[in-house]
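Architecture and fold: a report
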Protein chains: 2
Amino acid sequence: MRKATGKMVSTDMQNSFTEENYLKIIHSLSGREGLEVSTNALAESTATRAASVTDMLRKLADKGLIHYKKYQGVRLTDLGEKVAIKVIRKHRLWEVFLVEKLGFGWDEVHDIAEELEHIPSEVLVEKLDAFLGHPRFDPHGDPIPDSKGNLTEPDYLILTDVHISEKVLMMGVLDHAPAFLQYLDRSNITLGCIIEVKEINDYDKSAFVQINGAHTLFISLEVSKNLLVQRL
Amino acid sequence: MRKATGKMVSTDMQNSFTEENYLKIIHSLSGREGLEVSTNALAESTATRAASVTDMLRKLADKGLIHYKKYQGVRLTDLGEKVAIKVIRKHRLWEVFLVEKLGFGWDEVHDIAEELEHIPSEVLVEKLDAFLGHPRFDPHGDPIPDSKGNLTEPDYLILTDVHISEKVLMMGVLDHAPAFLQYLDRSNITLGCIIEVKEINDYDKSAFVQINGAHTLFISLEVSKNLLVQRL
DNA sequence: ATATATTTTTAGGGTAATCTAAATTTTTTA
DNA sequence: TAAAAAATTTAGATTACCCTAAAAATATAT
């Protein structure tokens, strides 16, 4: 546990690698509605202990990046949100670079982008964005915030919400784990493919689906829950 | 000042950002002959105090990365050399990327490459190298080590060694400072241009030179000392 | 060759980010 | 609603990297 230092709050201060990660994770855990995020949830996501999280929360609160009252969980301030979105923009642009330009698979880029996202240079991000042709989505279908910090989450369906005989377009994934993405590769489920739900098993909600009007396969509820789709 | 910890020495351990910077700087200061580097020289180059350098040297020696005897200066071990060359390879490849692909000027890329060079992924470096077409030199004319760690420094002349009426090819710069590179830009002195020495002033060694058989200009000894060239 | 100056190392601390263990607050349950 | 459980915070350390001041070793100069 650390003491308060009472430093000045400046607008263009540097945020450390660790601070940026906290902000990004708080953004992601608080979701679209900006719900309060718990200390334990952060401990889990940052792979640290709750006590360490508490220390960092005090620090982020002192810097004006989060709203924090002891025992009450945290939310991002407007400033914190701005910083988080910048990090997310960088992460997703680097992922596009790694897949589109360097030829990585979508299952290989997360950890590398996790490092690249903390490289601090506004002009670098803008030049990278232009080089990539101002992409709107990353290789997993996640939207890329624009240079002004606008992030619009498209409202996709989850495949579990789709009824029998409906055809949908595959738009993104919720789980970014390499094992899941590799499973999709092996099943020929790619961004933009057409999925038609043929049957749903009442008992376990597993489904029989057809991909691009061609091959068919069974997918478990666990898989359906992680596929973002859109009606045709 | 820190105590020895007596940790195991493993071949594929992680080196921190700071450690990698020390190795890179030791490599650069010890030159082609692998001369001993002094504590003060390292303090200067790392922008830290001599006492901090001593601490880090003990640590690098414990990890088997440098040869270090108190008061005697340091040299890289074979392992340290290998690590240093990997960092240099990454730095120079990223500089090529920033200039060739993102459109940065050669005066703008040093600080950004300084960050990118510490991103740890062998496969990233190899894919980047392939994407760039396996460049042999970075935007300042410095040679890029190959994937096996071979670094061959071409033996260029310094412009001060060139006699009157000789024509030489501009191959690189010793000083990477933005101000110097911007001066060269304004003077139309670029990598690959032809420089003919027309006159040398005996008093201050300033010179009158012609660029690409076209425009002529005066350059100071300070400038000549930082230009690497090769006879035609 | 000895005195002086310079360089380097040691001693003792500080900060950021982490930890374990214990105390405290909030939530759940009987 | 009081007791038990869970979540969170505080207390006190640890590690990596950095600092100043003082001591020790080396280099330079008279």
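It should be emphasised that the depicted structure is a prediction, and the values quoted were computed from it without experimental measurement.

A look at the domain arrangement of chain A
Assigned domains of chain A: these are domain 1 (17-76), domain 2 (87-153) and domain 3 (157-231). Summarising the inter-unit geometry, the C-alpha centres of domain 1 of chain A and domain 3 of chain A are found 33 Å apart.

Thoughts on the side chain of Glu20 of chain B
Residues and elements named next belong to chain B. Mapping Glu20 onto the fold places it in helix H1 (residues 17-30). At 4.7 Å, Lys90 is the nearest oppositely charged side chain to Glu20, a buried residue that forms no salt bridge. Of note is the side chain of Glu20, whose polar atom sits 2.6 Å from the side chain of His118. When near neighbours in sequence (up to four residues on either side) are disregarded, Glu20 contacts Asn15, Val87, Glu117 and His118.

Section: the relation of the copies chain B and chain A
Superposing the two chain copies requires a rotation about an axis and a translation along that axis. Mapping chain B onto chain A is achieved by rotating through 180 degrees and translating by 0.0 Å along the same axis, at an RMSD of 0.1 Å. What the superposition gives is, in effect, a two-fold axis relating one chain to the other. Among all C-alpha atoms of chain B, that of Leu116 of chain B lies closest to the rotation axis, at 3.7 Å.

Comments concerning the nonpolar core
Core analysis: the largest hydrophobic core is formed by 36 residues, its most contacted members being Trp94, Phe97 and Leu98 of chain A together with Trp94, Phe97 and Leu98 of chain B. Where this core is concerned, the elements lending two or more residues are helix H4 (78-101), helix H5 (110-116) and helix H6 (122-131) of chain A together with helix H4 (78-101), helix H5 (110-116) and helix H6 (122-131) of chain B.

Overview of the side chain of Ser187 of chain A
Residue and element names in this part refer to chain A. The topology assignment puts Ser187 in the loop between helix H7 (178-186) and strand E5 (194-200). According to the relative accessible area criterion, Ser187 is buried, its value standing at 9%. A distance of 2.9 Å separates a polar atom in the side chain of Ser187 from the backbone oxygen of Tyr183. In contact with Ser187, not counting residues within four places along its chain, are Ile211, His215 and Leu217.

Brief notes about the packing of helix H1 (residues 17-30) of chain A against H4 of chain A
All names here are of chain A. The contact between H1 and H4 brings their axes to 8 Å, and the two run at 95 degrees. The orientation of H1 with respect to H4, classified from their angle, is roughly perpendicular. Two secondary-structure elements touch here, H1 through Glu20, Leu23, Lys24 and His27 and H4 through Gly80, Glu81, Val83, Ala84, Ile85, Val87 and Ile88. Each residue belonging to the contact of H1 with H4 can be placed in one class, and the counts come to 6 nonpolar, 2 polar and 3 charged.

Observations regarding the sheet that holds E5 of chain A
All names here are of chain A. The sheet built from 6 strands is open, its strands ordered E3-E8-E4-E5-E6-E7 with antiparallel pairing. Across the chains shown, the open sheet's two edge strands, defined by having one partner strand only, are strand E3 (157-158) and strand E7 (216-219). Pairing between strand E4 (residues 167-173) and E5: 3 bridges, direction antiparallel. The residue of E5 that forms the bridge with Val168 is Ile195. Across the sheet, H7 is in contact with E4, E7 and strand E8 (227-231); its angle to E4 comes to roughly 145 degrees.

Considering the sheet that holds strand E4 (residues 167-173) of chain B
All names here are of chain B. Spatial ordering of the open sheet is given by E3-E8-E4-E5-E6-E7, a layout of 6 strands whose pairing is antiparallel. For this open sheet the edge positions go to strand E3 (157-158) and strand E7 (216-219), each flanked by a neighbour on one side alone. The sheet contact formed by E4 and strand E8 (residues 227-231) spans 5 bridges and is antiparallel. Residue Gly172 lies in a different strand from E8, and its bridge partner there is Leu228. Packed on one face of the sheet, helix H7 (residues 178-186) meets E4, E7 and E8 and runs near 145 degrees to E4.

Let's talk about the interface of chain B and chain A
Taken together, the contact pairs 18 residues of chain B with 18 residues of chain A. Between chain B and chain A, the buried area comes to about 1,500 Å², and carbon and sulfur atoms account for 86% of it. By the criterion of area lost to chain A, the three top residues of chain B are Leu102, Lys127 and Phe131 of chain B, representing 32% of everything that side buries. There are 0 salt bridges connecting chain B and chain A. Inspection of the region where chain B meets chain A yields 0 residue pairs in polar contact (both at pLDDT 80 or more). If you list the elements that add at least two residues to the side of chain B that touches chain A, you get H4, H5 and H6 of chain B. Per-class residue counts for the side of chain B that touches chain A are 13 nonpolar, 2 polar and 3 charged.

Regarding H1 of chain B
Residue and element names in this part refer to chain B. Helix length check: H1 (14 residues) gives 20 Å between terminal C-alpha atoms against 20 Å at 1.5 Å per residue, within 8%. For H1, a buried count of 10 out of 14 residues is recorded, marking the element as mostly surrounded by other parts of the structure. Listed in full, the buried residues belonging to H1 are Glu19, Glu20, Asn21, Tyr22, Leu23, Lys24, Ile25, Ile26, His27 and Ser30. The inward-facing, buried residues of H1 abut helix H2 (39-46), helix H3 (50-62), strand E1 (66-68), strand E2 (74-76), H4 and H5. The positive-phi residue at the C-terminal boundary of H1 is Gly31, with phi of around 65 degrees.

Reading the values: rules and limits
- Residues numbered from 1 in each chain as written.
- Chains lettered and ligands numbered in written order.
- Predicted model: local features only at pLDDT ≥ 70, side-chain atom pairs only at ≥ 80, totals over all residues.
- Heavy atoms only, no water.
- Domains from an automatic or database assignment.
- Helix = DSSP H or I, 4+ residues; strand = E, 2+ residues; numbered from the N terminus.
- Buried < 20%, exposed > 50% of the residue type's maximum accessible area, 1.4 Å probe, protein only.
- Lys, Arg positive; Asp, Glu negative; His and termini not counted.
- Salt bridge = Lys/Arg side-chain N within 4 Å of Asp/Glu carboxyl O.
- Polar contact = N/O pair within 3.5 Å; in protein donor to acceptor, adjacent residues only side chain to side chain.
- Contact = heavy atoms within 4.5 Å.
- Least-squares fit on C-alpha atoms with pLDDT ≥ 70 in both.
- Core = buried A, V, L, I, M, F, W, Y, C linked by side-chain atoms within 4.5 Å.
- Axes fitted to C-alpha atoms, helices over the stretch in contact; angles between N-to-C directions.
- Parallel < 35°, antiparallel > 145°, perpendicular 65-115°, else oblique.
- Nonpolar A, V, L, I, M, F, W, Y, C, P; charged D, E, K, R; others polar.
- Pairing = 2+ DSSP bridges.
- Buried area = accessible area lost by both parts, 1.4 Å probe.
- Expected span 1.5 Å × (residues − 1).

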